[in-house]
Structure formats: structure tokens, C-alpha cells
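Report on the structure
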Amino acid sequence: MRHFPIFLDLAGRSALVVGAGPRATAKASALTAAGAVVTMLSDRPAGAADIAAAAIVFICLADDVEARRVADLAVARGVPVNVVDRPGMSTFVMPAVVDRGEFVVAVGTGGAAPILARRIRARIQALLPERLGRLAAFARRFRETVKRAVPSFDARRRLWERVLAGPIADLVLAGREREAQAAMVEAMNRREPPPAGIVHLVGAGPGDPELLTLKALRAIEEAEVVIHDDLVAPEILARARVDALRIPVGKRAGRPATTQAEINALLVRHARGGSRVVRLKGGDPFIFGRGGEELEELRAHGVPFVVVPGITAALGCAASLDLPLTHRDHASALTIVTGRGRPGEEPPLPADPRHTLAIYMGAADAVGIGERLMAGGLSGATPVAIVENGTRADERVRFGTLAGLGALAAVHRGGGPALILIGETVALARGAAAPTASRAAG
Ligand code: SAH
């Protein structure tokens, strides 16, 4: 370690920035953000009196001789000084900073490789929740109250560990501070540690692990229990901790699926037992994911939960095919619809040429879907695509027309999840125009 890292309290203290230009302005605004009273000096040389009044000095001068003269003045008075890009003339170097309000991460390379520090900063930035500063501020607000309510140091530490790694922190990070505050007050009034269990209802996206949201990734990485569907790719499950309990609840090769009631019971049981549970679903949890039913159950049992959206199959498949789902010349609406309604209930299928249809779970009834849309007035020449395993390494796409949808679906036999896309916009997809073997098959 070449430099000793510290965080300086500059609130209300004088900071001097010598020089002009964008770097000087950037230093000044960073200092202002830290509460310093900033003086910028660019119209005359800095003198001993300027330095003496300052708690910290930044020098942004192109002239090395002048920079050294001012730096020497600061060193002589014991004022910390940084000359930009000149670690040799400086008594401290500036780290790359991730600023989340009260929560700050500083990354330094001793001035050796600032670009490397910046790259590492970018990666840390992606890992840290946006509202981490809010969480730190939340903890600060309760610090004194907790100290009075819980005199024992050890008990207090345990309480804070529960708060900062549990549902209360999750609520703050999700922007729900009122609920977090109520839970905190309740925990203190009851003089027992706050509950540890929570359910994150997380959308895993259509398959490509890179399509996870930052929030989803964090929830998966922190989970103690992962209750997941078949649709969730193994690469995504691999992101969970090695010691996380993984519970598959989908219908796997012939085995009967876990019933919804059983899934609900699992969620409640593990969360009540104090675990951080992730309920992981393919795509988005609220699009044909039964997310709503699970939340009702959690609510009924008073289990806290947070919902993390995912990229639904229609969006993932469309992006993978360069297919704009809406287009000013072709489609002014997108309908996400299931091809398989409850028994006796046919889901509505708008037969409108200005519409893009994304039909989930429809491949098995492609013939019926085609017939109904044509009976409704949609042309048999309307472009269609069937995307199987969209966004995954084994993605397969077939293009055809509505009249040939049944035959196209019959060719599709991979067994992976398949999405039917119908509408003029499908003709804009990459590969749609060129006649391909699979297209000819339709
Ligand atoms: N919640 C999921 C949908 C679950 S229903 C979501 O938002 O995407 C399951 C159906 O989704 C499948 O039958 C299929 O129609 C569609 N689907 C899910 N993942 C898919 C993928 N990678 N490629 C194509 N279709 C997919």
C-alpha cells in the first residue's frame, strides 16, 4: 500500500483550487459536494496567505514550474496538496470515487494507473445499489435511538446486522422507506431483532444471463433459498451462492409440476424460517408467471416481499431478431397474449393488421390460432415467426406466413419454450426477407 487511505471531513472548511479549465471545475464541484467552501484562483499567482487559509489545495496548472512553487508553499505549511496528473508533486492522490451519498467507495492505484482505478470503479458501481446512500442515511437516523433502546453493544450489533442484511434494508433499497421505518420502529418496540426472512420475486429474463437486471443479479447472489422454474437457465442459477438451497418447482422431463399451492407454501415456510428467498421465474414474474397469485399468499401471511422485473420473452426475442415490436409505419400496438386459456376460455386475439401479436404458450395450438385470426379478417399472407429458446445459445427461428402457421409450428419440435410473433413488423426482422430453408418449410 503506497498511500494511506482516509476520508477527510471538509464540511464548512476552505478548499483552494488553483488554475482553470474543466479539471479545476470538476475538482471544485466535488469539493462543493463534500460541503467545502471553495475558492478558485486563476487570475493571479497563489501566495502564502491563500495557502494558509486553506484546509486542502488542488493545483490544476499546465505550467509545472508554477505548479511546483505553489505545491511547495502548501507542503511548507502542512496543507495537503494535490497537483493533477503529478503524483510526484502531491502529498495525496485522488481515488476514483463511487458516490452514493453517505456511502462512498474510493479506489486508488497510488497514481500509477488512474484508468485502471476508473475501470474498477465502474464495476463496483454496477454492484452497488443506487439507494445505498439512502440506506446509510436511514441507519444514521436510527443510530441514537437504537443506542438508547439497546444498551448492550453485542445486541446492538446483532440488531444492525439483521437490519442491514434483511427485509428492512431491502425495503429502503427498493425506495419504500416508510414501510422500512415502520418495520424498524416495530422491531425496536418489541425489543427483539427484526424479521430476517423476505421473498424477492425475480424475473430472470428469457435465458441469456446477460439480460438479468442489476437488481435481479444482486438478489440472486444474496439469496439463501432459490425457488425456480424450469425456464430459468442453469447459467443464471449458477450465479447463486454455492451453499444456497436450490428448489426446482417446474415440470421437468415427465415429472409432475409442483402445484401452485405447494409453491406458495414453500415460499411462506422458507421466508418465515428467516431465509432470504428468491422466487426466480423466466422472463418477467408478472407476465404469465403467476407472480400475482404468489404475492397474494405472501401478503396474507405477512411475509415481506420485493418484486424485481425481468425482460419478458417477447422483448428478448424481438431484440434477438432485430424486430421492432412497434413501428410508425407498421404497428401501433403490441398484444402480449397466451395461446392457452383456461379450459373453456379462449383468450382474445385481436385480428388487426396494425398490431403485433406476441403469443406465449401458443405453439401447441398454432393451427387453431391461425384459423381464428384469419376468420377474424387477418390476411393469410401476414408474416409470422416462431422463436424457440429465444436469446439462448440454442435459439431457433422460423419465418412464414399466417396461412402456414400450423405447418411452421409442426416443424418446430425442439421442445424448448417457443414464442409466436405475428404482424407486419415480423417482416422487418433480421433474416425474415431472405428465403431460408426453414422459411420454405412454412
Ligand atoms: N414469465 C415469462 C413467460 C412464462 S409463460 C415471460 O415473461 O417471458 C412460458 C412461455 O413463455 C413459453 O411457453 C413461451 O411461449 C414463452 N417463453 C419464455 N421464454 C422464452 C424463450 N426464451 N424463447 C421463446 N419463448 C419463451
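Up top is the structure these notes are about.
A brief look at the structure comes next. (Residues numbered from 1 in each chain as written. Predicted model: local features only at pLDDT ≥ 70, side-chain atom pairs only at ≥ 80, totals over all residues. Heavy atoms only, no water.)

Remarks on the nonpolar core
Of all hydrophobic cores here, the largest spans 25 residues; its most connected members are Phe138, Phe142, Val146, Trp160 and Met184. Every element with two or more residues in this core is listed here: strand S5 (96-100), strand S6 (103-107), helix H5 (132-149), helix H6 (153-164), helix H7 (167-173) and helix H8 (177-189). Split by domain, the residues of this core number at least three in each of domain 1 (14-127) and domain 2 (135-194). Those residues in contact with valine 146 that lie beyond four places of it in its chain are Arg156, Leu159, Trp160, Met184 and Met188. Core analysis: the next-biggest nonpolar cluster, separate from the first, contains 20 residues, Leu212, Ala216, Ala244 and Val306 among them. (Core = buried A, V, L, I, M, F, W, Y, C linked by side-chain atoms within 4.5 Å. Buried < 20%, exposed > 50% of the residue type's maximum accessible area, 1.4 Å probe, protein only. Helix = DSSP H or I, 4+ residues; strand = E, 2+ residues; numbered from the N terminus. Domains from an automatic or database assignment. Contact = heavy atoms within 4.5 Å.)

Looking at the site of the ligand
Close to the ligand lie 19 residues; Pro206, Ile287, Thr312, Gly390 and Ala418 are nearest. Within the backbone of glycine 282, a nitrogen or oxygen atom sits 2.9 Å from a nitrogen atom of the ligand. One of the backbone nitrogen or oxygen atoms of aspartate 284 is found 2.8 Å away from an oxygen atom of the ligand. Protein coverage of the free-state accessible area of the ligand, which is 540 Å², stands at 92%. Mapped onto the shell around the ligand, the elements with two or more residues apiece are helix H13 (313-320) and strand S16 (418-422). (Near = heavy atom within 4 Å. Polar contact = N/O pair within 3.5 Å; in protein donor to acceptor, adjacent residues only side chain to side chain. Areas by Shrake-Rupley, 256 points an atom, 1.4 Å probe, with all protein chains shown as cover.)

Quick notes on the packing of H5 against H6
Packed helices, taken two at a time, are described by the angle between their axes plus the distance between the axes. Running from N to C, H5 and H6 cross one another at 150°; their axes reach a closest spacing of 12 Å. As the angle between them shows, H5 and H6 are arranged roughly antiparallel. Viewed along their axes, H5 and H6 form a crossing whose handedness is right-handed. Between H5 and H6, the residues in contact are Leu135, Ala139, Phe142, Arg143, Val146 and Lys147 and Arg156, Leu159, Trp160 and Leu164, respectively. A per-class count over the contact of H5 with H6 returns 7 nonpolar, no polar and 3 charged. (Axes fitted to C-alpha atoms, helices over the stretch in contact; angles between N-to-C directions. Parallel < 35°, antiparallel > 145°, perpendicular 65-115°, else oblique. Left-handed = near helix turned anticlockwise from the far one by under 90°. Nonpolar A, V, L, I, M, F, W, Y, C, P; charged D, E, K, R; others polar.)

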